[in-house]
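Each chain is listed here by its residues.
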Amino acid sequence: MINKQNHTFSEPSAVQKVSIQDHFWSNYIQLVRDVVVPYQWEVLNDRVADAEPSHAIRNFKIAAGLEQGSFYGMVFQDSDVAKWLEAVAYLLEMAPDPELEKAADEVVALIAKAQQPDGYVNTYFTIKEQGQRWTNLAECHELYCAGHLIEAAVAYSKATGKSAILDVACRFADHIDHVFGSEPGKLQGYDGHQEIELALMKLYRATGRTSYLELSRFFLDQRGAKPDFYEQEWEKRGKTVHFPHLSMVHDLEYSQAHQLVRDQEQAVGHAVRVVYMCAAMADVAAETGDEGMLAACKRLWGSIVSRRMYLTGGIGSMAQGESFTQDYDLPNDTIYAETCASIGLIFFARRMLEMEPNSEYANVLERALYNTVVSGMSRDGKHFFYVNPLEVYPPILGKNKNYDHVQPRRQGWFGCACCPPNIARLLASLGQYVYTVQDDTIYAHLYIGGQADFLINETAIKLEQQSNYAWEGQVRFTVSVSQKAEFTLAVRIPDWSTDAKLVINGVDYSPDESDFVNGYLRIKREWQTGDTLDIRFAMPVLRMKGHPLIRQTAGKVALQRGPFVYCLEEADNGAQLYHLSLPSASEPQTMFDADLLGGMQVILVEGTRYDSADWEGELYRQDTSDATEKTNLKFIPYFAWANREPGEMAVWINSSH
């Protein structure tokens with residue numbers, strides 16, 4: 001508890017604490033603790049020889065007056081440090097680690113020393129462009145960096161009970177509140193990259209200070225207002241730009257500044273910015289009951305998941321602007337699908353679940369989590385994908401400039417390194433996404449093993465979840481209560497399962513049709529300590545197809561089993577994956593391959609391969625019946641691709657009869 005006036009945490013949620021012990025996810029969380037966070041700490045300190053230099057910590061040392069030098073890196077380099085600190089906070093909340101906490105405390109002290117007397121914190125404008133604060137909000141990410149600092153501060157203060165970084169964040173937020181607003185003399189603007197809005201909502205909930213809620217709502221309401229703020233500030237600063245290859249000032253769709261947020265109908269522009277904005281809108285709607293804001297959230301959600309999302313939960317189909325294009329334009333090879341965009345989609349889904357427990361949100365959350373997010377990090381925890389393609393043909397990479405953003409293997413670090421620390425903070429905070437509570441109902445959104453403590457109507461409830469959900473679809477809940485209690489446990493029926501068998505205390509349970517509400521089975525009863533609920537979800541191999549208007553998947557299918565989308569790799573199937581077809585009559589079989597990357601379920605099925613041997617010397621010829629030969633196909637989970645030798649990869653395969 002923070003014992004400082006106005007900086008105390010608000011009353012706790014009904015979800016008290018969630019810890020994770022899971023066959024699939026614990027390995028990733030341990031990897032974050034043992035490898036990812038320490039590795040990123042070394043990178044932030046420029047101690048990894050084969051990684052792109054970061055200079056992020058040194059920037060803070062220079063800004064704090066501890067070293068001499070010049071600013072290095074992207075204009076938003078500070079945010080990498082903040083996201084690292086936030087990930088550390090979640091790890092410390094799960095388990096103490098004195099050495100890690102000591103390093104984090106040193107970072108906190110460094111940030112505090114770099115804070116300016118009026119509360120401002122930003123190493124780029126403190127070192128490189130003194131006197132130019134708040135003059136290029138369209139491009140320079142000042143409020144974005146502030147938002148990540150605030151998020152880290154809330155998480156670290158909650159985890160450790162230490163107030164130093166929360167004090168920094170509140171001073172900074174108060175400074176921002178002094179600069180921005182609708183009152184005369186204040187800037188009536190907003191950042192080019194949404195982030196401050198959702199961070200202020202976290203700070204509001206942590207401190208109870210309504211000024212932060214109002215400031216978040218101001219930034220949202222101001223976006224898209226006329227006259228165009230970005231145009232005005234561009235004129236005022238002499239028409240200079242920071243990123244000349246992007247038209248951030250004039251392309252208002254890029255930053256969703258083309259309309260008032262309440263009027264927006266379609267997800268356009270930079271994909272990460274859209275979902276960060278929507279997450280904040282959902283927070284404000286939940287806190288204030290703003291129906292207009294909620295309606296806009298639902299429209300934008302529908303635009304994304306019904307017409308502009310990949311099968312893997314990836315979003316943002318175009319490299320230029322890391323952006324959405326139009327409905328059903330979902331190329332698999334030139335796709336962008338930034339890892340951060342799927343993480344932002346998860347943020348958005350989680351907030352919608354808080355307001356409206358509907359399995360549609362949780363299904364998408366699960367899809368993005370088990371596929372794009374996990375794919376974004378290698379099994380060694382030291383290499384990352386920024387872009388997540390669904391089809392890769394390495395011979396063309398480096399030759400066709402349309403694919404310059406696509407990599408056949410994960411990278412050690414990036415000049416724009418937003419994705420690696422974003423993965424770390426999400427996985428470290430994964431327990432926050434498993435459950436929500438409304439009234440006397442506990443909603444289980446994700447089936448991830450561990451323990452969770454709840455307080456409902458003054459009754460302490462503990463749920464222990466044992467899960468082999470990822471590979472076998474098996475889940476067991478064991479209840480412990482301080483006293484017998486009537487409450488509802490609502491369990492999600494995932495969209496990929498055709499059947500679910502339920503057993504309560506060893507007896508088959510047959511629910512009524514009325515017990516199924518918005519994709520959740522609601523089990524209301526008087527629970528007592530020792531009660532168990534076993535669920536076995538059927539896990540058929542599904543042949544997925546795309547909407548008829550997705551031209552890039554026409555005549556193709558993809559395989560999914562459980563939460564995982566599967567893919568073909570050259571390592572298992574040879575080259576020219578585009579010559580392979582999957583006949584509709586072929587019956588797939590599953591097998592646990594203990595030798596593949598630590599063990600995972602693979603799909604084996606008979607397919608065909610086009611025989612191109614007799615095309616010597618010809619580029620085109622008259623259409624004739626093409627020869628094919630039978631071949632055995634092996635599909636692996638998409639998240640596991642690119643952990644062996646670089647080669648071709650494809651999620652979608654030709655379908656034949």
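Residues numbered from 1 in each chain as written. Predicted model: local features only at pLDDT ≥ 70, side-chain atom pairs only at ≥ 80, totals over all residues. Heavy atoms only, no water.

Engineer: For this particular structure, what's the right way to read the overall build of the protein?
Structural biologist: Within the protein one finds 17 helices and 22 strands. The C-alpha atoms of the protein give a radius of gyration of 25 Å, which matches the 26 Å a tight globule of 657 residues would have. Taken along its principal axes, the extent of the C-alpha atoms in the protein is 75 × 70 × 50 Å. Looking at the protein residue by residue over its 657 residues, the buried ones come to 58%. Sequence separation of 24 or more characterises 71% of the internal contacts of the protein that already satisfy a separation of 6 or more. Here the protein displays about 26000 Å² of accessible surface, and carbon together with sulfur accounts for 47% of that area. (Helix = DSSP H or I, 4+ residues; strand = E, 2+ residues; numbered from the N terminus. Rg over C-alpha atoms; globule rule 2.2 N^0.38 Å. Buried < 20%, exposed > 50% of the residue type's maximum accessible area, 1.4 Å probe, protein only. Contact = heavy atoms within 4.5 Å. Areas by Shrake-Rupley, 256 points an atom, 1.4 Å probe, with all protein chains shown as cover.)

Engineer: Hey, could you run me through the side chain of Thr123 in this one?
Structural biologist: Take Thr123: it is sitting in helix α5 (residues 123–127). Thr123 sits in the buried class, given a relative accessible area of 1%. Not counting chain neighbours up to four residues away, the residues in contact with Thr123 comprise Asn59, Phe60, Ala63, Phe71, Asp78 and Lys128.

Engineer: Would you mind showing me how to read the pairing of strand β5 (residues 450–456) here?
Structural biologist: In the case of a regular strand, side chains alternate between the two sheet surfaces. Only one face of β5 is buried, namely the one carrying Gly450, Ala452, Phe454 and Ile456, since none of Gln451, Asp453 and Leu455 on the opposite face is buried. By the bridge criterion, five bridges tie strand β1 (residues 15–20) to β5 in an arrangement that is antiparallel. Bridge pairing in β5 links Ser19 to Gln451. Here seven bridges tie β5 to strand β6 (residues 459–468), and the two strands are oriented antiparallel to one another. Looking at the pairing, Asp453 lines up with Lys462 of β6. (Pairing = 2+ DSSP bridges.)

Engineer: Even after reading the chapter, I still don't get the sheet that holds β5, so can you show me in this structure?
Structural biologist: Paired through backbone hydrogen bonds, the strands of a sheet run either parallel or antiparallel to each other. What the seven strands build is an open sheet, ordered β1-β5-β6-β7-β13-β9-β10; its pairing is antiparallel. What marks the edges here is a single partner per strand, and that holds for β1 and β10 (507–509). When strand polarity is set aside, the average angle formed by the axes of neighbouring strands in this sheet is 20°. Looking at chain direction, β6 and strand β7 (residues 474–481) are connected through eight bridges and run antiparallel. Counterpart to Glu464 in the pairing with β7 is Thr478. (Axes fitted to C-alpha atoms, helices over the stretch in contact; angles between N-to-C directions.)

Engineer: Got a minute to help me understand the nonpolar core in this structure?
Structural biologist: Burial of nonpolar side chains together is a common tendency in soluble globular proteins. By size, the foremost hydrophobic cluster in this structure holds 236 residues, and its most contacted members are Trp25, Trp84 and Phe477. A total of 13 residues in this core trace back to one element, the largest contributor, which is helix α11 (residues 271–288). The contact partners of Trp84, leaving out residues within four places of it in the chain, are Val37, Gln40, Trp41, Leu44, Leu100, Ala103, Ala104, Val107 and Pro421. (Core = buried A, V, L, I, M, F, W, Y, C linked by side-chain atoms within 4.5 Å.)

Engineer: Just checking my understanding: could you explain the packing of aromatic side chains for this structure?
Structural biologist: Under the defined criterion, the tally for this structure stands at 39 aromatic pairs. Look at Trp301 and Phe348: their rings are 5.3 Å apart centre to centre, the planes differ by 75°, and that puts the pair in the edge-to-face class. On the criterion of sequence distance, the pair formed by Trp301 in helix α12 (residues 291–307) and Phe348 in helix α13 (residues 339–355) is long-range, its members being 47 residues apart. Judged by its relative accessible area of 2%, Trp301 is buried. Judged by centre distance (5.9 Å) and plane angle (75°), the rings of Tyr393 and Tyr578 are edge-to-face. In this pair, Tyr393 is assigned in the loop between β2 (391–392) and α15 (419–428) and Tyr578 in the loop between α17 (570–573) and β17 (580–583), connecting sequence segments 185 residues apart. Look at Tyr393 and you get partly exposed, because its relative accessible area is 29%. By relative accessible area, Tyr578 is classed as partly exposed at 46%. Here a set of aromatic residues connected by ring pairs shows up, and it is made of Phe24, Trp25, Tyr28, Tyr370, Tyr447, Tyr469, Trp471, Phe477, Trp496, Phe537, Phe564 and Phe639. A cation sits over an aromatic face here: Arg133 above Tyr120, 3.9 Å from the ring centre. Residue placement shows Arg525 over the ring face of Trp527; its charged tip is 4.9 Å from the ring centre. (Phe/Tyr/Trp six-rings, centres within 6.5 Å; stacked < 30°, edge-to-face > 60°. Lys NZ or Arg CZ within 6 Å of the ring centre and 35° of its normal.)

Engineer: Got a minute to help me understand the sheet that holds strand β8 (residues 485–492) in this structure?
Structural biologist: With mixed pairing, five strands are arranged side by side in an open sheet as β3-β4-β8-β12-β11. The sheet is open, and its two borders are formed by β3 (435–438) and β11 (516–517), each paired with just one other strand. Direction of pairing for β11 relative to strand β12 (residues 520–527): antiparallel, over a ladder of two bridges. Looking across to β12, one finds that Phe516 is bridged to Leu521. Against the sheet, α13 makes contact with β3 and β12, and its axis sits at roughly 25° relative to β3, the strand it touches most. Along the sheet face, helix α14 (residues 359–375) touches β8 and β12 and points at about 55° away from the line of β8.

Engineer: Teacher, can you tell me more about the side chain of Ser216 here?
Structural biologist: One can find Ser216 in helix α9 (residues 210–222). Side-chain polar atoms of Ser216 contact the backbone oxygen of Glu197, separated by 2.8 Å. The contacts of Ser216, once residues within four sequence positions are left out, are Glu197, Leu200, Met201 and Val284. (Polar contact = N/O pair within 3.5 Å; in protein donor to acceptor, adjacent residues only side chain to side chain.)

Engineer: What exactly am I supposed to notice about helix α8 (residues 196–207) here?
Structural biologist: Note that an α-helix has 3.6 residues per turn; residues three or four places apart therefore point the same way. Compared with an ideal rise of 1.5 Å per residue, which puts twelve residues at 16 Å, α8 spans 16 Å between its outermost C-alpha atoms and is within 8% of the ideal. Of the residues making up α8, those classed as buried are Ile196, Glu197, Leu198, Ala199, Leu200, Met201, Leu203, Tyr204, Ala206 and Thr207. As for α8, its buried residues are in contact with α6 (142–160), α7 (164–179), α9, α11 and α13. Positioned one or two residues after α8, Gly208 has a phi angle of 80°, which is positive. (Expected span 1.5 Å × (residues − 1).)

Engineer: Would you mind going over the environment of Ala337 with me for this structure?
Structural biologist: With respect to the helices and strands, the residue Ala337 is situated in the loop between α12 and α13. As a C-alpha pair, Ala337 and Thr488 span 151 residues in sequence and 38 Å in three-dimensional space. Among residues more than four places away in sequence, those in contact with Ala337 are Gly314, Ile315, Gly316, Thr372, Tyr386, Val387 and Asn388.

Engineer: Looking at this structure, I do not really get the pairing of β8. What am I missing?
Structural biologist: Burial runs high along β8: seven of the eight residues are buried. One ladder, built from four bridges, connects strand β4 (residues 441–444) with β8; its direction is parallel. Looking across to β8, one finds that Tyr443 is bridged to Ala490. Relative to β12, β8 is paired through eight bridges, and the arrangement is antiparallel. Each residue of the ladder has a partner; that of Glu486, found in β12, is Glu526.

Engineer: Can you help me understand the pattern of salt bridges in this one?
Structural biologist: Close approach of charged atoms lets side chains of opposite charge pair. Summed over the entire model, instances satisfying the criterion amount to 38 salt bridges. The salt bridge partner of Arg425 is Glu86, with a shortest N-O separation of 2.8 Å. Here Arg425, found in helix α15, pairs with Glu86, found in helix α3 (residues 78–94); they are 339 residues apart in sequence, far enough to count as distant. Comparing Arg425 with Glu86 shows no difference in burial state: the two are buried. Among the ionic pairs, Lys298 bridges to Glu356, the shortest N-O distance being 3.2 Å. Of the two residues, Lys298 is situated in helix α12 and Glu356 in the loop between α13 and α14; the sequence distance between them amounts to 58 residues. Overall, the relative accessible area of 38% leaves Lys298 in the partly exposed class. Judged by its relative accessible area of 25%, Glu356 falls in the partly exposed class. What emerges from the salt-bridge pattern is a single network uniting Glu86, Glu151, Lys202 and Arg425. (Salt bridge = Lys/Arg side-chain N within 4 Å of Asp/Glu carboxyl O.)

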